[in-house]
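For reference, the chains in residue letters:
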Amino acid sequence: MKIAIIGSGFIGRAWAISFARAGHDVALWDRDAAATGHARAWICGVLDDLARTELLRGQAPTAVLDRISPTAELADALDGAGHVQENAPEKPDVKREVFALLDRLADADAIIASSSSALLPSTFTELLEGRHRCLVAHPLNPPYLIPAVEVVPAPWTSQRIVDRTRDLLAEAGHAPLVMKRELDGFIMNRLQGALLEEAFRLVADGYAGIEDVDIGIRDGLALRWSFMGPFETIDLNTPGGVRDYVERYQGIYANLFTQMQRRVDWAGPVLETVEAARRERLPEDRLGERRLWRDRRLMALAAHKKRAEGEYGA
Ligand SMILES: NC(=O)c1ccc[n+]([C@@H]2O[C@H](COP(=O)([O-])OP(=O)(O)OC[C@H]3O[C@@H](n4cnc5c(N)ncnc54)[C@H](O)[C@@H]3O)[C@@H](O)[C@H]2O)c1
């Protein structure tokens, strides 16, 4: 299938890799004419890294690259595309304007999906003639290494469009999470937000330092969470499964939740503490270098997960 990537910044270019690796022809378009060329050059480097870590499904980098075409005209990018993935800046006015254009120009049966991190699809698709074919498909960065994608319908998105989007993503090696209806924060940012709020509270109230909080996740909870969700985790953590877990442990948590009702201002005095501790461990001028380290670790983890799934099952 042909896929049109609209907006070729951070996320658009990463989606291009993911879809082209799965065998799709990808047309890249951006309002800034220079952006698609930059994106293609960046993609070349990443494809070499992915080939080295055996994350290109056995294909040569050039075979994947040949499927990605920077396209000067929006109409040409959309012509014949069965799926349009929009990656313009996260501003309601921009999304409304871009979606109006895409709905007018895209093929009649094309799906139009937004990568929006936080805007509800109803806020920028309501007035469109083709609003039934619009939805959010929100990836984590970068989608060619992190499989989860949140599929979020507006109240008027047709079920057929939701199903087609889920199938397309799954066939491309993604792990779609399909919401029944839209909600602020979707699923993953609500989970992440709950965890961050508690992390800030522990530091703000003087119970723990930031490194201890990070150890608790990095060398504790996240080891299981990197291959099981919280529900499967608790199902396996007591002899009798999830019901046994709830009967034994809900009381412990219920006591905690009453202590967690008060909001912490992340930008308040706690930020001084968090920032000072982080900058002591990692000076600001080394953030870029550490991001490269993170990306290499993510690649190694993705390769390991693939191997482990083959060996032990998913
Ligand atoms: N960066 C992330 O980690 C991340 C993760 C998930 C989702 N997203 C979402 O992806 C979307 C894009 O974010 P990004 O980080 O790639 O931003 P970015 O700034 O890197 O890229 C945006 C691109 O859109 C182009 N653009 C601007 N106006 C446009 C228009 N009207 N039509 C087409 N292209 C236009 C810009 O030239 C730029 O190349 C946002 O909705 C964001 O919330 C970002």
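Rules used throughout
Residues numbered from 1 in each chain as written. Predicted model: local features only at pLDDT ≥ 70, side-chain atom pairs only at ≥ 80, totals over all residues. Helix = DSSP H or I, 4+ residues; strand = E, 2+ residues; numbered from the N terminus. Rg over C-alpha atoms; globule rule 2.2 N^0.38 Å. Buried ≥ 20, exposed ≤ 12 C-beta atoms within 10 Å, placed from the backbone. Contact = placed C-beta atoms within 7 Å. Core = buried A, V, L, I, M, F, W, Y, C linked by C-beta atoms within 7 Å. Pairing = 2+ DSSP bridges. Axes fitted to C-alpha atoms, helices over the stretch in contact; angles between N-to-C directions. Right-handed = clockwise from strand over helix to strand, strands pointing away. Near = placed C-beta within 6 Å. Nonpolar A, V, L, I, M, F, W, Y, C, P; charged D, E, K, R; others polar. Expected span 1.5 Å × (residues − 1). Domains from an automatic or database assignment.

1. As for the overall build of the protein
Phase 1: The secondary structure content of the protein amounts to 13 helices and 8 strands.
Phase 2: Over its C-alpha trace the protein gives a radius of gyration of 21 Å, about what one expects of a compact globule, namely 20 Å for 314 residues.
Phase 3: Taking the principal axes of its C-alpha atoms as reference, the protein extends roughly 60 × 45 × 45 Å.
Phase 4: Looking at the protein as a whole, 28% of its 314 residues qualify as buried.
Phase 5: Look at the contacts in the protein between residues 6 or more apart in sequence, and 65% of them connect residues 24 or more apart.

2. Brief notes about the nonpolar core
Phase 1: Judged by nonpolar contacts, the single largest core of 54 residues is most densely connected at A4, I5, A16, V26, V84, I112 and L135.
Phase 2: Non-local contacts of A16, meaning those with residues more than four positions away in its chain, are made with I5, V26, L28, A39, I43 and I68.

3. Things to note about the sheet that holds strand β4 (residues 81–86)
Phase 1: Taking strand neighbours across the sheet as the criterion, the 8 strands line up as β3-β2-β1-β4-β5-β6-β7-β8 in an open arrangement whose pairing is mixed. Here the strands that pair on one side only, and so sit at the sheet edges, are β3 (68–70) and β8 (175–178). On average, each strand axis in the sheet is inclined to that of its neighbour by 25 degrees, with strand direction left out of account.

4. Comments concerning the pairing of strand β6 (residues 134–139)
Phase 1: Within β6, 6 of the 6 residues are buried, leaving the element largely enclosed by the surrounding structure.
Phase 2: The alternating pattern of β6 places C134, V136 and H138 and L135, A137 and P139 on opposite faces, both of which are buried.
Phase 3: The pairing of strand β5 (residues 111–114) with β6 spans 3 bridges and is classified as parallel. In the strand pairing of β6, S114 is matched with V136.
Phase 4: Taken together, the 5 bridges between β6 and strand β7 (residues 148–153) define a ladder with antiparallel strand orientation. The partner of L135 across the bridge, within β7, is P153.

5. Quick notes on the environment of V152
Phase 1: Structurally, the position occupied by V152 is in strand β7.
Phase 2: Take V152: there are 28 C-beta atoms within 10 Å of it, and that puts it in the buried class.

6. Concerning the pairing of strand β2 (residues 25–29)
If a strand is regular, its side chains alternate between the two faces of the sheet.
Phase 1: Counting buried residues in β2 gives 4 out of 5 residues, a clear majority hidden from the surface.
Phase 2: Two strands pair when backbone bridges link them, and strand β1 (residues 2–6) and β2 are joined in this way by 5 bridges, in the parallel orientation. Opposite K2, over in β2, you have D25 as the bridge partner.
Phase 3: Handedness of the crossover joining β1 and β2 through helix α1 (residues 10–21) is recorded here as right-handed.

7. So, the site of the ligand
Phase 1: Residues in contact with the ligand amount to 23 residues; listed here are only the nearest, G7, G9, I11, S117 and N141.
Phase 2: Contributing elements (two or more residues each) for the shell around the ligand: α1, α5 (92–105) and β6.
Phase 3: Ranked by residue count, the leading element in the shell around the ligand is α1, at 3 residues.
Phase 4: Partitioning the shell around the ligand into residue classes produces 9 nonpolar, 10 polar and 4 charged.

8. Some details on helix α13 (residues 287–312)
Phase 1: Taking 1.5 Å of rise per residue, the 26 residues of α13 would be expected to cover 38 Å, and the 36 Å separating its terminal C-alpha atoms lies within 8% of that figure.
Phase 2: Counting buried positions over the 26 residues of α13 gives 0, only a small fraction of the element.
Phase 3: Downstream of α13 by one or two residues, G313 has phi in the positive range, about 95 degrees.

9. What about unusual backbone geometry?
Phase 1: The step from N141 to P142 runs through a cis peptide bond, and the omega angle for that step is -5 degrees.
Phase 2: For P142, the location among the structural elements is in the loop between β6 and β7.
Phase 3: Here E54, not a glycine, exhibits a phi torsion of approximately 55 degrees, which is positive.
Phase 4: Position of E54 relative to the elements: it lies in the loop between α2 (35–52) and α3 (61–65).

10. Describing the domain arrangement of the protein
Phase 1: Domain boundaries in the protein define domain 1 (2–178) and domain 2 (188–281).
Phase 2: Spacing between the C-alpha centres of domain 1 and domain 2 amounts to 33 Å.

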